[in-house]
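Architecture and fold: a report
Chain by chain, the residues:
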Amino acid sequence: MKLKQKPIAQQVIVITGATSGIGLATAKKAAQQGAQLMLIARNKDALEKIAGELSAASGQVIWAVADVADEVALRSAATAAREKFGRIDTWINNAGVSIFGYTEEVSRADQRRLFETNFWGVVNGSLIAVEHLRERGGTLINLGSELSDAFAPLQGIYTASKHAVKAFTESLRAELEHEHIPISVTLIKPAAIATLFVEHAKNYMDVEPKLPAPIYAPELVADAILTAAHTPQRNVFVGGAAKLMSVTTKLAPTWVNRLVEHSMFKQQRTTNPEYHPEKNSLHEHGEDMRVRGETESKVQESCPYTQAAMHPLKGYAVLGACVLAVAAVATRRRLHSR
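Read on for an overview of the structure. (Residues numbered from 1 in each chain as written. Predicted model: local features only at pLDDT ≥ 70, side-chain atom pairs only at ≥ 80, totals over all residues. Heavy atoms only, no water.)

Remarks on the environment of threonine 117
Our working definition: Starting at the N terminus, helices and strands are each numbered in turn, a helix being any DSSP run of H or I of at least four residues and a strand any DSSP run of E of at least two. Throughout, a contact is declared for two residues whenever any of their heavy atoms are within 4.5 Å.
You can see threonine 117 is positioned in helix H4 (residues 108-118). Distance in space between the C-alpha atoms of threonine 117 and aspartate 89 is 23 Å, their sequence separation being 28 residues. Apart from residues lying up to four places away in sequence, threonine 117 is in contact with Val68, Ala95, Gly96, Val97 and Val122.

A closer look at unusual backbone geometry
Looking along the chain, the bond that leaves alanine 213 and enters proline 214 is cis, with omega of 0°. Positive phi, close to 60°, is recorded for histidine 180, a residue that is not glycine. Residue position: histidine 180 is located in the loop between helix H6 (156-178) and strand S7 (183-190). A positive phi angle, close to 75°, is found at methionine 289, a residue other than glycine.

Description of the side chain of threonine 306
Checked against the element boundaries, threonine 306 lands in helix H11 (residues 304-310). Those residues in contact with threonine 306 that lie beyond four places of it in its chain are Val236, Phe237, Val238 and Gly239.

Here we look at the pattern of salt bridges
Think of it this way: side chains of opposite charge can pair up when their charged atoms draw near. The cut-off we apply is this: In the sections that follow, a salt bridge refers to a side-chain nitrogen of Lys or Arg positioned within 4 Å of a carboxyl oxygen of Asp or Glu. Relative accessible area decides the class of each residue, using a 1.4 Å probe on protein chains only: under 20% of the type maximum gives buried, over 50% gives exposed, and in between gives partly exposed.
Taken as a whole and judged by the stated rule, the model has 16 salt bridges. When the shortest N-O distance is used, the salt bridge between lysine 29 and aspartate 223 registers 3.2 Å. Placement of lysine 29 in helix H1 (residues 21-32) and of aspartate 223 in helix H8 (residues 218-230) is noted, with a sequence separation of 194 residues between them. According to the relative accessible area criterion, aspartate 223 is partly exposed, its value standing at 31%. The closest approach of N and O atoms between arginine 75 and glutamate 71, which form a salt bridge, is 2.9 Å. Here arginine 75 pairs with glutamate 71, and both are found in helix H3 (residues 71-85), just four residues apart, close to one helical turn.

Structure (structure tokens):
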């Protein structure tokens, strides 16, 4: 089934988790391209400010306060978007949160709450989106992670939720394709991203957590999301490190397990004592209005791998140019050696 989507400027796009990080970066880029937006998050004040700024720049942006774990509130937001704009073209399930700490130390209440957001929030959003997209067609985009294909100690419940998101997304896609329903379903798998991920996470450790390098710019994920919104994609790794982790985990699991045991504990711990363990957004919204968070690592502002993967013709052109360049150098060397 071949799907042809509208340009972003002609789309109505729903974004959950829209007040910070990847969601906010995506909202800004979509607004700049002329999309009509429904922004969903838990932070009313942030939604009002962001929608006001984006509306002033591009036109029609509306918002709704909803926890993605609350199916009724999420359904109400979808209805509001439909009533305002007449349709929905793309739905982006972006909301998510993590927990740092040994799994046995994390309370069952916190584990369940994380799954309510990361997994059931995606399920709620996806099934509501399918209801609205079924007749006209459109795009469903779910945010997984590089950990959808791998694992990370000290983020065990987060990892489990992202594996669940992957399984759910791929199963739903297969069912929609089997029924010939014109909905493109994309799973985005970012590497470590310089958002408020760490600031929003609940931390059980005695030191502040951090993400292991390399760390990529949130705008790269936003670009991948919006590309998938107008050009159907199945699975998109954002960051070459994400693809490498996926491949090596499948091909060399024993080696990866040893590497993780040796390095991943240290790479997720800073030397700074944890002063504010209560500051997180697991149960209530946290600090918003920013795309990027603080990081000790250099942020990768581009990713040739992701660009090539999402735009194969450009990728082949770059590869061809590289081959020609190598061939030219080799030819010159042979001539000089005679």
